[in-house]
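Residue strings, one per chain:
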Amino acid sequence: MSLRSRSTDTDTPATGRRRPPGRTYGLTRRALVRLLALVLLAVGGVVAGPASPAVAAVALQRVTGFGANPGQLTMYVYRPASLPAHPPVVIALHGCTQNAQTYADNSGLPELADRDGFLVVFAETTSANNLNKCFNWFQAADNRRGQGEAASVQQMAAHAVSAYSADPARTFVTGLSAGGAMTSVMLAAYPDVFAAGAVIAGLPYDCAKGASPYTCMNPGVDKSPAAWAQLVRDAYPAWTGPWPRVSIWQGDADTTVVPRNADELRDQWTAVHGLPQTPARTSVIGPDATRQEEYPAADGTVAVEVDRVPGIGHGTPVDPGSGPAQCGHTGAAYFLASICSAHWISKFFGLDGSATDPDPGTLPAPSGLAASAVGDTTVTLIWDPVPGAADYAVYRDGVHVATPSGPPHTDGGLAPGTGHSWTVAARDAAGTAGARSAPVTATTTGAPVACWKANNYQQVQAGRATTDGSYAYAKGSGQNLGLYNLFVTHTLKEAPAGYFVIADAGCP
């Protein structure tokens, strides 16, 4: 899946939408070679699990007349059977070679929409816009406010508000690959429209300004956080905030859009929010030990989040199944069995209802919540007792994990070197929880352990190893991993951060 199908050679049309009569356009030999290389790279970058059984197509409604549509896109809507009066809306942008139906059928978003009660708008581009059906994230005609495809996506969001009574304050956007890069475009160009976004295997906004789109993808473009942030501010100079929150998803074995892009995206959006580039909290989530890094704002809200998915290449992470944190299917290319990213994205957007109780009881929120002791795998919490409380509900990262009779409470089974957030609510005799306390955050002691299995080429590309051109060496320990190629595979254990050792026998 190349994020860009058209060559930059002069014999290729600038927009790809209109061709004068009597004139034909073809890719030069050099352009064809580059395109073939990108396609092969994309195929090689995918680490797919077994295909899901055939599933019924998600029922989508095609919407016409949603606006002037200068980008010539198509709008589809997935509307759950049950929706609140003013539902949130999520705009979903597919990757290259895909379409709205494929993304709806496999991404898991409709399943989450049914569960959490939100509207999904699937935007679709075509080969008339781009040979490979990629969103044109790299073209000024399509990635600027009020122009082309960016304007069409914004008009879809506005139509969802007017036609479906969606909540304009809870409008979100997410996408894969070229759709992920276009997600960056929408967040930068329309910060007044989108409250948050999730970029999956995507790129920083305006990466292609002064650089080849191919270079953006691999090996990536390095800019200072301030320079990246300025590109965002320049997209809508009149806007001074608040800025959208951003969730960044990246497969650590992706050779199409290399992991460096997740770092550059982090640098861009933490700088926009005025935050440091070092995470305040790190934790491990999901069945595949995805490494989550959080960058909270002053009010404790996570402004930027990076989710690094181990062992997968280029695609949307899914976890087929019926469990509460499972979703999606692997029945099409670029949907990779690992973790249900849609579940965690919905949680990041605040759509899963975990942040608040829908009908809190009458007991007041406990005050004085604090972490009184922190160990490698435990955190002890204390708070001021609430009169009339029968017991308490303790929530870690928004999930109810314990019901102690009172303080103190020790939360155990945590991973070393990981950060979490806790809240507490008092419960009455009927078990109804009252309002939740203000959150407290703490990080367990010890060094976090992360495990990364990949071939030597991927280890070097991800920054976990170095090479002298012939052999690969684990960064930090310097252990010889063997020949620098696609065929020698090792598991590397990272502990502490940035120090890697061979752990083929077992990790951690």
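Fair warning: this is a prediction, and the values are worked out from it, not measured in the lab.

## Comments concerning the packing of helix α3 (residues 109–116) against helix α9 (residues 341–349)
Interaxial distance between α3 and α9 falls to 9 Å at its minimum, and their mutual angle equals 45°. Classified by the interaxial angle, the pair formed by α3 and α9 is oblique. Two packed elements cross with a definite hand, and for α3 against α9 that hand is right-handed. Between α3 and α9, the contacting residues are Leu109, Leu112, Arg115 and Asp116 on the first element and Ala342, His343 and Ser346 on the second. Residue composition of the contact of α3 with α9, grouped by class: 3 nonpolar, 2 polar and 2 charged.

## What to know about the sheet that holds strand β23 (residues 471–474)
With antiparallel pairing, 3 strands are arranged side by side in an open sheet as β22-β23-β24. Of all the strands in the sheet, just β22 (465–467) and β24 (480–483) have a single pairing partner and so form its edges. Neighbour-to-neighbour, the strand axes of this sheet turn through a mean angle of 25°, independent of strand direction. In the sheet, β22 pairs with β23 via 3 bridges, with the strands oriented antiparallel.

## Details of the nonpolar core
Judged by nonpolar contacts, the single largest core of 63 residues is most densely connected at Ile91, Trp137 and Phe194. Ranked by the residues each element gives to this core, the list is headed by helix α5 (residues 178–189), at 8 residues. Beyond its immediate stretch of four places on either side in the chain, Ile91 contacts Val121, Val153, Ala157, Phe172, Val173, Thr174 and Phe194. Listed in part, the 38 residues of the second largest apolar core include Ala104, Ile285, Val302 and Phe349.

## Things to note about the sheet that holds strand β7 (residues 245–251)
Judged by pairing direction, the sheet is mixed, and its 10 strands sit side by side in the order β1-β2-β4-β3-β5-β6-β7-β10-β9-β8 without closing on themselves. Each edge of the open sheet carries a strand with a single partner, namely β1 (61–63) and β8 (281–285). In this sheet, neighbouring strand axes are inclined to one another by 20° on average, regardless of whether the strands run parallel or antiparallel. As judged from the 5 bridges shared by strand β6 (residues 196–200) and β7, these two strands associate in the parallel manner. The residue of β7 that forms the bridge with Val199 is Ile248. Contacts between helix α8 (residues 260–272) and the sheet are confined to β6, β7, β9 (290–296) and β10 (302–309), with β10 contributing the most and set at about 175° to the helix.

Conventions adopted
Residues numbered from 1 in each chain as written. Predicted model: local features only at pLDDT ≥ 70, side-chain atom pairs only at ≥ 80, totals over all residues. Heavy atoms only, no water. Axes fitted to C-alpha atoms, helices over the stretch in contact; angles between N-to-C directions. Helix = DSSP H or I, 4+ residues; strand = E, 2+ residues; numbered from the N terminus. Parallel < 35°, antiparallel > 145°, perpendicular 65-115°, else oblique. Left-handed = near helix turned anticlockwise from the far one by under 90°. Contact = heavy atoms within 4.5 Å. Nonpolar A, V, L, I, M, F, W, Y, C, P; charged D, E, K, R; others polar. Pairing = 2+ DSSP bridges. Core = buried A, V, L, I, M, F, W, Y, C linked by side-chain atoms within 4.5 Å. Buried < 20%, exposed > 50% of the residue type's maximum accessible area, 1.4 Å probe, protein only.

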